[in-house]
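# Topology and contacts: notes
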Amino acid sequence: MIKRPLIVVLNGPNLNMLGMRQPEVYGRATLDDVEQICIQAAERLDVGIDFRQTNGEGELVSWVHECRNRAQGIVINPAAYGHTSIALLDALLAVELPVIEVHISNIHRREDFRHHTYCSRAAAGVICGLGVRGYALALQAMTDMILDENDR
């Protein structure tokens, strides 16, 4: 039996508050809704996912480290840590895996401090401003990247 590629979907701080926090910016979908979107996309794409959320920077960094020997790619919504965490950037670079960064809102239409993310330096691509649909798009793109790599 062929083992399905594993894509780890990581979510940073305050994303557990989706649906309640600033619905005019982030929409009404909850994190559980996002997880279901990812599960459905993974089934359609025939990949496995490990979906996680934390409010702790150290825990997020540790989860990235765990990916090195068990995952084929990382989809990450670093949330505010994208704008502040060099430690998270260093972890993403260290694991040497493809990364796609996701933001629910269009960070470029928001406050100036949100325009830059450190994580983008480690990412093959960034999806922002497409709401929670961005996760499914990121999973599709990551699956394509993994299949392209496996064909080489």
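The model shown is predicted, which means the values in this text are computed figures rather than measured ones.

Definitions and limits used
- Residues numbered from 1 in each chain as written.
- Predicted model: local features only at pLDDT ≥ 70, side-chain atom pairs only at ≥ 80, totals over all residues.
- Heavy atoms only, no water.
- Helix = DSSP H or I, 4+ residues; strand = E, 2+ residues; numbered from the N terminus.
- Expected span 1.5 Å × (residues − 1).
- Buried < 20%, exposed > 50% of the residue type's maximum accessible area, 1.4 Å probe, protein only.
- Arc of directions from axis to C-beta.
- Contact = heavy atoms within 4.5 Å.
- Pairing = 2+ DSSP bridges.
- Axes fitted to C-alpha atoms, helices over the stretch in contact; angles between N-to-C directions.
- Core = buried A, V, L, I, M, F, W, Y, C linked by side-chain atoms within 4.5 Å.

## Overview of helix α2 (residues 31-45)
- With 15 residues, α2 extends 21 Å from end C-alpha to end C-alpha; this agrees with the ideal 21 Å at 1.5 Å per step.
- For α2, the complete set of buried residues consists of L31, V34, C38, A41, A42 and L45. What you see down the axis of α2 is that its buried residues fit within an arc of 100°, all on one side. The outward face of α2, more than 90 degrees from its buried face, is lined by the exposed residues D32, Q40, E43 and R44.
- Buried residues belonging to α2 abut β1 (6-11), β2 (48-53) and α6 (133-150).
- At the C-terminal side of α2, D46 shows a positive phi close to 60°.

## Quick look at the sheet that holds β2
- The strand order β2-β1-β3-β4-β5 describes an open sheet built from five strands, whose pairing is parallel. This sheet does not close on itself; its edge strands, each paired only once, are β2 and β5 (125-128). If you compare each strand with its neighbour and ignore which way they point, the axes differ by 15° on average.
- The sheet contact formed by β1 and β2 spans six bridges and is parallel. Paired with V8 across the bridge in β2 is D50.
- Strands β1, β2 and β3 (73-77) of the sheet are contacted by helix α3 (residues 57-67), whose axis makes an angle of about 175° with β1.

## Points about the nonpolar core
- Core analysis: the largest hydrophobic core is formed by 27 residues, its most contacted members being V34, V75, Y135 and L139.
- At the level of elements, β1, α2, β4 (99-103) and α6 are the ones that each hand at least two residues to this core.
- Beyond its immediate sequence surroundings of up to four residues, L139 is in contact with I7, V9, C38, A41, L45, I49 and V75.
- Core analysis: the next-biggest nonpolar cluster, separate from the first, contains 22 residues, L10, V61, L89 and A91 among them.

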